[in-house]
Amino acid sequence: MHLDLDQNLVRKARELAKAVTDDVQKFINLRSTDSVERTVTRLYGIDGVDTDGIPLPNVVVHDVKSHDGLKRGITYWIANACVAKSMSPQEIAESVGRKEFSLVEIRPQKESIVAEKIDELTEESIRKLEKIKNERDSMLETLGNPNQPYIYVIVATGNIYEDVIQAKAAVSEGADIIAVIRSTAQSLLDFVPFGVTTEGYGGTYATQANFKIMREALDEMASKVGRYIRLTNYASGLCMPEISAMAALEGLDMLLNDSMYGILFRNINMMRTFVDQYTSRFICAFSHITINTGEDNYIKTSDPIDRAHTVTASQLINEQFALKAGMKPEYMGIGHAFEIDPDVENGLLYEIAHALLTRELFPNATPKYMPPTRYMTGNIFKGYAQNTLYNLVSIMTGQSIHLLGMLTEAIHTPLVQDRYLAISNAKYVFNNAKALGKDIEFKKDGFIQKEASRVLENAISLLEHVKEVGLMASIEESVFGDISRKMDEGKGADGVFVKDEDYYNPIFDKMETMVRGDGL
Amino acid sequence: MIPNLDLKNIKPYGDQTNDGVIQLSFTLPIPAGAKAREAARMLVESMGFSDIQIVLTEDIGEDFTFFVIYAKTNKYVDYTSIKTFEVEITKMGIEEINDKISKYLKRQVVIVGATIGSDAHTIGLDSILNMKGYHGDSGLERYKAFKVYNLGSQVPPLELVRKAREYKADVILVSQIVTQREIHIKQLTDLVDILDAEKLRDKVLLIVGGPRITHELAVELGYDAGFGAGTMPSDVAAYITDRILKRSS
């Protein structure tokens, strides 16, 4: 089945989205953030905490920033200190943590030797990332990709060890992707917590140690069940690029990563988010991590039919930002959701039109489809029926990443049997309706064709407006999710700075060059 | 109601009066098999059930077994002795509320709403406050009588109190949806403490809503009212109108 979309309109929509993001990219290219610099330190091997429990990447970046040295980038300062003290970056960071010295007070070393040190550290880090990526790719090839839609479930116990138990059970029931939900409000922390954690609210802290534990558990299960199991976490919030780097180091497969989510739904400063998403995305591109965009959120706060075009417009913007970061379409999990009020007449037809529009607008991407949440009421039996329809739309319209709905949505984090019931429902529907999409033709000028065209046309009008006033001004006008955010407000604004002429960040320069060569 | 029902001995109704049938489902962390079935049966029996029918025993992986069971309870309750603790509401229409407020208060009622602390979920708050409301029942923004400030999610209690003072709020409406390990209780208590410290507690009508909130709990925590699952915006509107007018008179 397919939609009779006017391909000229599709092209036009893409061109508009490109123009919109081109403007923002100019701002991005001139700037860096505290989080971007902390990411550099992590890639050079800095990890751990000082005696006050502050992560060493924060300690080092704060040290340089408080002496007004950050505008030339953190790299020079680390390499200069390594040469002067004959220490590794980690040893340097530990010394700064013990307040033995400040990086900017160290006498500048001979330029050519510092440059050599930088090359050496950069080379080592890139080699390490490449090795991890290659290992993932070869494991995926050996075990094989599961059929799409991939069955994606969430674990959210707050304790990484309980998460492992539930994740293993889910994999043996048929899950292809495990997402470890983060502790509530972690996205607003301007640092990444350190070490293994067993106490979290509504989820488990995203830490590198927790990533490692779950990765090992899933690899063990993957060998047992004979199919590749993907691991997902969250790179949104104030530490987008750092989380991406940690995910790259621990071999994660997917990250929730949206170019505007933090701005709209977490009230994070616009410029901070735009700069951070760019860095986090070329790290994902480099390490073959699939991003999942967050358009489902718009229609949780605004009407899923009236505002369907805001989803489409945002998807196109997310795609353009991802392309700018060198991502290949196959690593773009373009987001959308099944959120229409179940009391709406022909709601299913609207859902099919919207889901198919996403599929057809992004034929080479891996769309991420998300289940009903807004109208899940506590009537678990009705909720189970809603999830059945959702599963049907997903298999019919050929979605790629399928987040399973839980019958206890809005009641509690999933019980072990909730996940089992959800997986059985999805497997039943996917198998029973496997070729349905291939066998259906929608009536020309029928409900579904018209609805899809309506949404696309409205998305174009919206993008035309956004292009005219600029993306940042449109966000101020509450174009997306009916939420308004001001340009100079929001959390993390003080962590954004304009790079000096002598700003130097060779590891990111190299990664960007490599993904461009490899990607487009 | 069924005629001649013994209200002193109320039991679940499945297929016949007083049959006491209940459906249960749960998971045991043991491998599926005869032993697991027996464990499930014994567990249910120990809870005072008889005629236990285990209709599903399913291996759900990693040595977890899921059961669906029908059984008859030997317990009952005396319906005639039950007293509940609910918010008393006299239903009023939008126009009636607008008229009453403009006639007796002669200004708009200022309402400030937010989800506090770590709760990022605004669905409940928005259903009550937003113009659109919930299932055809308009939200408080639709009422001319109300001036609504929806502060959104994850507002620190201190910030909420500051805004309430700034806007001269008559009503503070807090929504708490997600909870784990009772964290919502602490957040709700913090708000009351801050209002007390700021000497604002008596000046505002303090309301909390959410799926796990009861009026009883709300009052215990120092709130004027608590609204649980199934609350419609018009319920909250009528309650606010009634209380604000009583206070002002």
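Before reading further, recall that the structure is shown in the block above.
Just so you know, these numbers come straight off a predicted model, no measurement behind them.

A.B. asks: I keep staring at the nonpolar core and nothing clicks. Help me out?
C.D. replies: The nonpolar side chains of a soluble globular protein tend to be buried with one another. All names here are of chain A. Counting residues in hydrophobic clusters, the biggest one holds 164 residues, and the most contacted among them are Leu 103, Ile 178, Met 260, Phe 274, Leu 471, Phe 480 and Met 511. At 10 residues, the largest contribution of residues to this core is made by helix α11 (residues 270-287). Leaving out residues up to four positions away in the same chain, Met 511 has contacts with Leu 43, Ile 126, Leu 129, Phe 282, Ile 283 and Phe 286.

A.B. asks: I tried to follow the pattern of salt bridges on my own but got confused; where do I start?
C.D. replies: A pair can form between side chains of opposite charge whenever their charged atoms are brought close. Applying the stated criterion across every chain, the model contains 40 salt bridges over all chains. Across the pair Arg 272 of chain A and Asp 276 of chain A runs a salt bridge, and its minimum N-O distance is 2.9 Å. Taken together, the residues Arg 272 of chain A and Asp 276 of chain A, both in helix α11 and 4 residues apart, mark about one turn of the helix. Here Arg 272 of chain A and Asp 276 of chain A have matching classes, each one buried. The shortest N-O distance in the salt bridge between Arg 201 of chain B and Asp 224 of chain B comes to 3.1 Å. Taken together, the positions of Arg 201 of chain B in the loop between α5 (183-197) and β7 (205-209) and Asp 224 of chain B in the loop between α6 (215-220) and β8 (225-227) put the pair 23 residues apart, joining distant regions of the chain. Of the two residues, Arg 201 of chain B and Asp 224 of chain B, neither departs from the other in class, the shared state being buried. It is possible to trace a salt-bridge network through shared partners that takes in Arg 38, Arg 42, Asp 47, Asp 190, Glu 242, Arg 272 and Asp 276 of chain A.

A.B. asks: I'm lost on the pairing of strand β4 (residues 230-234) of chain A in this one. Help?
C.D. replies: Sheet faces and side chains relate simply in a regular strand, where the side chains alternate between the two faces. Residues and elements named next belong to chain A. The buried fraction of β4 amounts to 5 of the 5 residues, a majority that puts the element mostly inside the structure. Burial along β4 is two-sided: Arg 230, Thr 232 and Tyr 234 and Leu 231 and Asn 233, pointing in opposite directions, are all buried. Across 3 bridges, strand β3 (residues 177-180) lies against β4 in parallel orientation. Residue pairing for β4: Ile 178 is matched across the bridge by Leu 231. Inspection of the sheet shows β4 paired to strand β5 (residues 254-256) by 3 bridges, in the parallel sense. Paired with Thr 232 across the bridge in β5 is Met 254. For the crossover from β4 across helix α9 (residues 240-250) to β5, the handedness is right-handed.

A.B. asks: Teacher, can you tell me more about helix α14 (residues 347-361) of chain A here?
C.D. replies: For an α-helix the count is 3.6 residues per turn, leaving residues at separations of three or four pointing the same way. All names here are of chain A. In a regular helix each residue adds 1.5 Å, so 15 residues correspond to 21 Å; α14 covers 21 Å between its end C-alpha atoms and thus fits that length. Within α14, 12 of the 15 residues are buried, which leaves the element mostly enclosed by the surrounding structure. Residues of α14 that are buried: Gly 347, Tyr 350, Glu 351, Ile 352, Ala 353, His 354, Ala 355, Leu 356, Leu 357, Thr 358, Arg 359 and Leu 361. Its buried side turned inward, α14 meets α1 (7-30), α13 (308-324), β8 (335-337), β9 (368-370), α15 (380-396) and α18 (447-469).

A.B. asks: I keep staring at the packing of aromatic side chains and nothing clicks. Help me out?
C.D. replies: Summed over the entire model, instances satisfying the criterion amount to 15 aromatic pairs over all chains. Centroid distance Phe 282 of chain A to Phe 508 of chain A: 5.2 Å. Interplanar angle 75°. Geometry classified as edge-to-face. Pair noted here: Phe 282 of chain A is in helix α11 and Phe 508 of chain A is in helix α20 (residues 506-519), with a separation of 226 residues, a long-range link. Taking the relative accessible area as the measure of exposure, Phe 282 of chain A reaches 2% and is therefore buried. Arranged with centres 5.2 Å apart and planes meeting at 35°, the rings of Tyr 143 of chain B and Phe 146 of chain B form a pair that is tilted. The same class applies to Tyr 143 of chain B as to Phe 146 of chain B, namely buried.

Each value, and the rule that gives it
Residues numbered from 1 in each chain as written. Chains lettered and ligands numbered in written order. Predicted model: local features only at pLDDT ≥ 70, side-chain atom pairs only at ≥ 80, totals over all residues. Heavy atoms only, no water. Core = buried A, V, L, I, M, F, W, Y, C linked by side-chain atoms within 4.5 Å. Buried < 20%, exposed > 50% of the residue type's maximum accessible area, 1.4 Å probe, protein only. Helix = DSSP H or I, 4+ residues; strand = E, 2+ residues; numbered from the N terminus. Contact = heavy atoms within 4.5 Å. Salt bridge = Lys/Arg side-chain N within 4 Å of Asp/Glu carboxyl O. Pairing = 2+ DSSP bridges. Right-handed = clockwise from strand over helix to strand, strands pointing away. Expected span 1.5 Å × (residues − 1). Phe/Tyr/Trp six-rings, centres within 6.5 Å; stacked < 30°, edge-to-face > 60°.

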